[in-house]
Every structure is written in C-alpha cells, then in structure tokens.
Amino acid sequence: MKLSEKNITTLIIITTALWVVINVLGWLGHHMIGMYLGVILMFLYMILGIANSGVVSKKFLMYPLSIWALTWILSFFLADYYAEKFAGILPTFNILGFHPSFAPVVFLYWIGGMLTLTLGFMVYKDEWMSENDWENFKDKIQSIEEKEKRGAV
Amino acid sequence: MDNMTKTLIIIFSFAMILISFAIGWWSKKKANTVQAYFGSTGMFGPFAVGLSSTAAVASAFALVGVPGIMYSAGNAMAFWMLSSAAFAMAYLILGKKVRAMAEIGEVASLGDISDLRFNNNRVIKAVMSIILLLGCIAYLAAQIKAGAELFSHLIGWSPLLSGFVIFGVLTLYMVISGEVGGLLTQAFQGLVMVIAGMVIVVSFYKITGGFGEVLKVTAEAGTVTANGITKNFSPDIMNAWGVLPGVAAMTYMIIPIVGTVGQPQVITRMYALKDPKDMPKLNFYAALSHTVVGLLTLVVSCGAFYLVGTGKIGPLVSGDRAIYAFADYAGITSQLFVYAAVLAAAMSSASLFLSISAGIIARDLPNALGFKLSEKAQMSYAKIAMFLIGIASIFFSITQGEMVAILGTFGWGTLMSATFPVFVLGLLWKKANEKGVMAGTITALALNIASFAGFKWPGALPWYFNVITISMTITVVVSLLTKEQILNKKVEAVIEL
C-alpha cells in the first residue's frame, strides 16, 4: 500500500484531530470512546512509522498491526462489559483468578498486545526494514555526501 | 524489622551501589569521545540497551507510586505499568528514523537530531532543551527523594546523608563514565529489578495462593480498621477501572503508551544501539523485562490487598507503603530484592536524567545560544555540570520536599510535550517545518510553566494531556499554513526509510 505525501499529510491531520477529540472526550468523561480512539491514534502512528519509502507492507498491516488493534479494542469492550455486569458484587466466575473485567486487560491488553507486536516485529522485521533497505539507505547517504563534496569543490 | 534483617538489606543494597560504581569505573575508558560520553551512540547490543531502557523507564514512581495508587484506588492505575507493548510501538514509529539520523551527522544528544532535522534552528533546540531540562530535573529530584528517604528510614541516617552517600556515588560514576557507564549500570540495575520481580511473584503465590484468593478477599473484606487507620474494600476495586472515574483509566492507558515514544530514555537508546537491524531484538528484551517489572507492581498491590483484607497486617498508613509492607511480610529474600529493586529503579532513572541535564547545560544550550565549544571543552564542562547538578539536586530534593512533590507532576508529560513536535512530527512528516515546530515547542514551554504556576484546565484530565494536544495541534496547523521548507536530501532519505 503506497502512501503519497498527500496521504501522509492526511494521516497527520487525522492523528492531530484525534488528540483533540480524545482530549475533549476526557473533559466530558467519555472514557470508552476515548480509549477506542486512542487505539486508532496509535495504529495510525505505527502505519506512518512502518512505511518504507512510502510503502506500507500489507503483511505487517494485517499482522501484527490489525490483530493488535482488534485485541486491544476487544479488551476494552470486555473490561467495560464485565465491570458493568458485576458492579458492586463478587463476580460469579474468574479467569485464572482475575476479575472478569480485569482479565481482558491482563491477557489481551498487556500480554496479548505485547506478544502480538513483539513477535510480529521479529517475524516480519524485513517488512519494517530489511538488511537491503539499510544498506541502500547508507549508499544513498554516501552518494549524497559525495555529490555535496563535488559541489563544494 | 529486626536489626539482622536491616543489616542484610543494607549490605545487599550497598553491594548493588558498589557494583554500579565498579561498572562506571570500568566504562570510563570507553567514554572518550563526545558521541560516546553524551550518547553512547552506536555502541551497544540489544540486550544491554533493552535492559537499560526498561530500567530508565521504570522509575521509583513505577515501583512505589503505582502499586500505592492501585492499593488506594484499584486497578485503573495498573494500565500505567501494563504498558509493555509501548516499546514495540516506539521502535516501530521512530526506531529506524532516529537511528538513521546518527548515520547522517554527529548525534550525541537529542539536540543534535533537532539540529539535523531543522537546519540548526536555534530556537527549536533551545526551547526543546529547556522543556527537557525542566522534565529531567523534576524526575531527578523525585528519584533522589525516594531513594534517600527509603534508606534514611532503614538505616536511621538523615535523608541528606543517605542522599549524599547513594546519589553522590551515582554522580561520581556518571561524571567519570558519562552515558557509557550510565547505560551499562542501568542495564545491571534493570537486571536487579527483573530478578526482584521473579522473586516477589513466587512469594505472592506462596502467601496468597493466587489472584483468585485476592479477588475473593477484596470483595468480602468490607471495612478493615486497625491502629486508627481504616481501609475500605469493595468488589469493584479489582475490576478494570477500580474506584476512580473511567477517564483515569483512559489517561493511564494513552499517556504511558504513546508517551513512551517520546521519552528521552527511549529515544536516546535508539541511537545507542550498534546495529539498527537488531531493533526487534532490542524490543524483545525491553518488552520482556518491562513485563516482569509490570507483574511485580501488580502482585505487590494485590499482595497488600490480601494481607490487609485478611487481617494479617493492619491497613497501610499510605498506599506508597504497599511494596514494602508486602516484602516485609514475605520475608528476607523478598526484602533483599525489593529494597534493592526500588533503589535500582531510582538510580537508573536518576543517572539517565542527570546525564541528559548535564548534556543540555554543557552542550545543547550553549550551542543553541551560539557558543561553539571544542569536543574537549564540552566534555569538561559536562563533567562539571553533572557534578554540580548532582550535588544541587541532592540538596534541593531533600530540603524542598513540597516543591519536589509539585515538580513530580512534571516529568513524563512535560518530556512528551517537548519531544512530540520535534521527533514524532519531525521524523514522520516532511511538511513539519521550522515555523510550525517553533510555534509548537514555544507553546508547550509556556503552557508547562502556566500549569506549574497553577493554571486550572477544564475537566479531570492531567494538565499535561491538554498541553500535548495543544502543542501538537499548533505545530501541525502552523506547518500547514506556512511555506513548505526544502529538506536536506539526507534528512529526506531518513524520513523515507
């Protein structure tokens, strides 16, 4: 997926608008929508970060990024659902000892999110930056420096 | 606590301080260039850099303050320490670009990256440096206060004497070895924190029988009173939001995660990595070690709930006692590692912020003001600055307790407001221009000062959330409304990487 300069500017405007919207939601106390939008904010920043010469790897976009985003959104949804369901009472079940509202935070948000991004980053590291990408970058810099030197002479 | 236990904890903790000093002393021969002394640029592998990043991120607040707030108000604060995915996010967003900047020019500090990206713009560098300095000094003072108070309580020395002994040694090894010794000692201190995490998790399961028992106790304990102190339990304290408003969970989710991308202790470590292709491995070590430290904070708060709820110990005078109360109940092995881990957390963050502060004062600010210093002079001035800041911070943090508490609210958010316009927007977006970033950073500085002076923001969000949003918005709007700048070809290659 190719990101043109115009696309990148659009994404930057969207991320900035998200900061503003999340901030206002925070003032108004709408934390759930704020948390969902927070995931979108991070997702967009990561898309900008993984773009390689303006190209976003579809593989990387699917896994780990989209899986991570879904994992976190699901975690917040379940956390809120069970917090409401068992408000003021001892829950009727637990998940490995955790409150059903906190378990999604532990297993999906914390461990799930960390493992998804960490393993995905290791498995698809070349989609982020391969050895060739790095060598090409260094060659490009060298060639620019040589041109600059010739220009100076 | 009996005298024998106290003596063992003191010996164990001082052994850690001495080993840190030995590492610093050993590293001094490697800190022989500006890039090594200020940034350890391109010098270390993923294991050392990963552990050092975790240790620098996990401050005394993470180990003492976070479980304390969880003990007082439930799980909303857990989001702060269950943020281990943040490292991957930071490296994916900025990792290769920050590291690549070290290939196109001399990078020894964050100010150097700002220079390369924004055509040596002095205003951007100066304003960013001042905000960073505010955040670093605030963090440094808070670490010294936490470490000194802990040991004065244990040994019976005055906080000032404890502060001088512990952080005087730290200042000394940082002066002689700069960031080289800083990074390696932080890696060692990170390892101490990870081992402490493992020890305390085993103790937690032995004492409580697991999280299920804690859940049951907190739901059924009701109100517990002893020694004139009352702790109210409720079934909701163990759900995801605890007893705080939901917006607290939102803030404690977004700020540590997104904020990690903009923390100097993470960005500086990106260019300390020798081989940029090792960044996935660096993330692996950082995320894994952070996960163990996160688990430590979770189990000590749950452990404290269990002990108080079952009447095994009385309610705590303050939430900040949770980690010590649990370790003291768990026995000598836990005590040895927990006290050393808190000290390690304070020292690792303090050393990083001491080094960054000295670099700003001796190098980045003079440079931004137009003074050109030789490499030798920069290093000499930095050593003097580090020594003076170290000593002054010890005095300040111990004698101005109230001011340190106020400054403690700076830190994380303040640092984000300085780095986001310059690095996140600057390295992801070619159109981020000098005028936009100048406007954004100047706004951030003004709003940080206004907030510190008591300006009240609407809503219940921490003030720094508003400051970050406004400074980012101003940077983007001004960049869009003003003329696009022609980028240096090498910078363009970095942004496209």
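All chains use their own residue numbering, which begins from 1 and follows the written sequence. Chain letters and ligand numbers both follow the written order, the letters beginning at A and the numbers at 1. Local features in this predicted model are restricted to residues whose pLDDT is 70 or higher, and side-chain atom pairs enter the listing and the counts only when it is 80 or higher, whereas totals over whole chains, interfaces and linings include all residues.

This brings us to the overall build of chain A. Here a helix means four or more residues in a row that DSSP labels H or I, a strand means two or more in a row labelled E, and each is numbered from the N terminus. Tallying secondary structure elements over chain A gives 6 helices and 0 strands in all. Reading chain A from its N terminus to its C terminus gives the helix and strand order α-α-α-α-α-α. A radius of gyration in this sense is built from C-alpha atoms; the matching globule rule multiplies 2.2 Å by the number of residues raised to 0.38. Taken against the 2.2 N^0.38 rule, which gives 15 Å for 153 residues, the C-alpha radius of gyration of chain A at 21 Å runs more than 25% over that of a compact globule. When its C-alpha atoms are laid out on the principal axes, chain A stretches across 80 × 35 × 25 Å.

Another aspect to go through is the overall build of chain B. Helix and strand counts for chain B stand at 21 helices and 2 strands. Against the 2.2 N^0.38 benchmark of 23 Å for 497 residues, chain B shows a C-alpha radius of gyration of 22 Å, consistent with a compact globule. Over its C-alpha atoms, taken along the principal directions, chain B stretches across nearly 70 × 50 × 40 Å. Burial statistics for chain B: of 497 residues in total, 66% are counted as buried. Sequence separation of at least 24 residues holds for 84% of the intrachain contacts in chain B that already meet a minimum separation of 6. Labels follow a simple rule on C-beta atoms placed from the backbone: if 20 or more others lie within 10 Å of a residue's own, it is buried; if 12 or fewer, it is exposed; otherwise it is partly exposed. C-beta atoms are placed from the backbone for every residue, and two residues are taken to be in contact when these atoms lie within 7 Å.

Further remarks concern helix H9 (residues 159-208) of chain B. Residue and element names in this part refer to chain B. Here, expected helix span is obtained from the residue count minus one, scaled by 1.5 Å. When the terminal C-alpha atoms of H9 are compared, their 34 Å separation across 50 residues is substantially less than the 74 Å that a helix rising 1.5 Å per residue should span. Remark: the principal bend of H9, roughly 125°, maps to Gly178. Most of H9 is tucked away: 35 of the 50 residues are buried. Phi turns positive one or two residues past the end of H9, at Gly209, with a value near 90°. Note that the bend at a residue is defined as the angle between axes fitted to the seven residues ending at it and the seven residues starting at it.

Okay, the interface of chain B and chain A next. If you look at the interface, chain B gives 64 residues, while chain A gives 60 residues. Counting only elements with at least two residues in the side of chain B that touches chain A, the list comes to helix H6 (86-104), helix H10 (211-220), helix H11 (246-261), helix H13 (279-309), helix H18 (412-428), helix H20 (463-481) and helix H21 (489-496) of chain B. When residues are sorted by character, Ala, Val, Leu, Ile, Met, Phe, Trp, Tyr, Cys and Pro go into the nonpolar class, Asp, Glu, Lys and Arg into the charged class, and all the rest, Gly among them, into the polar class. Of the residues contributing to the side of chain B that touches chain A, the split by class is 39 nonpolar, 14 polar and 11 charged.

On to the environment of Gln263 of chain B. Residues and elements named next belong to chain B. Mapped onto the elements, Gln263 comes out in the loop between H11 and helix H12 (264-272). Its 23 C-beta neighbours within 10 Å are what place Gln263 among the buried residues. Residues in contact with Gln263, not counting those within four places in the same chain, are Val57 and Leu415.

Quick look at unusual backbone geometry now. With the exception of glycine, most residues fall at negative phi, and the peptide bonds are largely trans. Residue Tyr63 of chain A is joined to Pro64 of chain A through a cis peptide bond whose omega torsion reads 15°. Positionally, Pro64 of chain A belongs in helix H3 (residues 58-85).

This next bit is on the packing of helix H4 (residues 60-73) of chain B against helix H8 (residues 122-155) of chain B. Residue and element names in this part refer to chain B. Where helices are involved, their axes are fitted lines through C-alpha atoms of the stretch in contact, as for all axes, and angles between N-to-C directions lie from 0 to 180°. One can describe the packing of H4 onto H8 by two numbers: an axis separation of 10 Å at closest approach and a directional angle of 65°. Accordingly, the angle class assigned to the pair H4 and H8 is roughly perpendicular. H4 and H8 meet at a crossing whose hand is left-handed. Of the residues in H8, those touching H4 at Ala60, Phe61 and Val64 are Ala142, Gln143, Ala146 and Gly147. Tallied by class, the residues present in the contact of H4 with H8 amount to 5 nonpolar, 2 polar and no charged. Throughout this description, any angle smaller than 35 degrees is read as roughly parallel, any larger than 145 degrees as roughly antiparallel, any in the 65 to 115 degree range as roughly perpendicular, and the remainder as oblique. Less than a right angle of anticlockwise turn of the near helix away from the far helix marks a crossing as left-handed, whereas a clockwise turn marks it as right-handed.

With that settled, the discussion passes to the pairing of strand E2 (residues 229-232) of chain B. Residue and element names in this part refer to chain B. Only strands joined by at least two bridges in the DSSP assignment are considered to pair. Of the strand pairs in this sheet, strand E1 (residues 223-226) and E2 are connected by 4 bridges, and their pairing is antiparallel. Note that in E2 the partner of Thr225 across the bridge is Thr230. Hairpin geometry of E1 and E2 is characterised by an intervening segment of 2 residues between the two adjacent antiparallel strands and by a positive phi of about 50° at Asn227.

Residue and element names in this part refer to chain B. Where H9 meets helix H15 (residues 332-368), the closest approach of the two axes is 6 Å, and the angle between their N-to-C directions is 145°. When you trace H9 past H15, the crossing you get is left-handed. Residue classes in the contact of H9 with H15 are distributed as 19 nonpolar, 13 polar and 1 charged.

Let's shift gears to H10 of chain B. All names here are of chain B. Looking at H10, one finds that the buried residues are Phe211, Val214, Leu215, Val217, Thr218 and Ala219. Contacts made by the buried residues of H10 are with H9 and H13. Positive backbone phi, approximately 70°, marks Gly222, located one or two places after H10.

The next thing to look at is the nonpolar core. All names here are of chain B. Grouped together as the largest cluster of nonpolar side chains are 246 residues, with contacts concentrated most on Met89, Ala341 and Val342. With 21 residues, H15 is the largest single contributor of residues to this core. Excluding residues that lie within four positions of it along the chain, Val342 makes contacts with Ala60, Leu63, Val64, Leu150 and Ile323. The nonpolar core criterion groups buried Ala, Val, Leu, Ile, Met, Phe, Trp, Tyr and Cys residues into a set whenever they are joined through C-beta atoms within 7 Å.

Okay, the environment of Leu307 of chain B next. Residue and element names in this part refer to chain B. Structurally, Leu307 can be placed in helix H13. When the C-alpha positions of Leu307 and Thr208 are compared, they lie 8.2 Å apart, and in sequence the two are 99 residues distant. Residue contacts for Leu307: discarding those within four places in its chain leaves Lys312, Ile313, Ala325, Phe326 and Tyr329.

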